[in-house]
Amino acid sequence: LYETTLYTGGSNDAPATEVALGERLDFAPRADEAPVRALLQDLATLAAAFDPDNTIAADGRRGLAEQAIAGLRNNVSALAGMASRVGVAEQRMDMVLTRHQASEAAMTLAYNNLAGRDQFEAAAELTQLETQLETTYLATARLGNLSLVNFLR
């Protein structure tokens, strides 16, 4: 009943997702794992035990309730294990998010250093570089025309 009516998810694990370069994260527990199925079964049994509209005798209700409570108690460690898997995945995602935020801050700072430059200062530096280049070209041209005749003039 659970697979055909209640659970509409897949029966296989989803592929791991790359959360950072070379770092893959498997998906957390699925809803069709045994601890979840046992939890839903025990909760449904407990609900049936206390449903005033059913025809179960009082002794039967008590037995169902005790059976469901025992099942819930026995399932606690398995559910805690599933929760810990979710916690580990959340911790890894938080670490990746922190790294991405640090990278974003560094990139923003680098961009602001490049793009946030004073225009007048950049123009003055460009003019200075242009003057140095023209001086270099002039010296190269003079060296190219160097000859004994020109030297003696």
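Reference entry: report on the structure contained in this document. Since the model is a prediction, treat every value here as computed from it, not as a measurement.

### Examining the environment of Asp13
With respect to the element layout, Asp13 can be found in the loop between helix H1 (2-6) and strand E1 (17-20). Asp13 sits 14 residues away from Phe27 along the chain, and the two C-alpha atoms are 7.6 Å apart.

### Focus on the pattern of salt bridges
Taken as a whole and judged by the stated rule, the model has four salt bridges. Arg99 is the salt-bridge partner of Glu23, the closest N and O atoms lying 2.7 Å from each other. Linking Glu23 in strand E2 (residues 23-25) with Arg99 in helix H3 (residues 58-115), this pair joins segments that are 76 residues apart in sequence. Note that Glu66 is salt-bridged to Arg62, the shortest N-O span being 3.2 Å. Separated by four residues within a single helix, Glu66 and Arg62 lie in helix H3, roughly one turn from each other. Assessed through its relative accessible area of 45%, Glu66 is described here as partly exposed.

### Looking at the pairing of E1
Note that E1 and E2 share three bridges and pair antiparallel. From the neighbouring strand, Ala20 faces E2, where its bridge partner is Glu23. The turn joining E1 and E2, which pair antiparallel and follow one another in sequence, is formed by two residues; a positive phi near 80 degrees is taken by Gly22.

What counts as what
Residues numbered from 1 in each chain as written. Predicted model: local features only at pLDDT ≥ 70, side-chain atom pairs only at ≥ 80, totals over all residues. Heavy atoms only, no water. Helix = DSSP H or I, 4+ residues; strand = E, 2+ residues; numbered from the N terminus. Salt bridge = Lys/Arg side-chain N within 4 Å of Asp/Glu carboxyl O. Buried < 20%, exposed > 50% of the residue type's maximum accessible area, 1.4 Å probe, protein only. Pairing = 2+ DSSP bridges.

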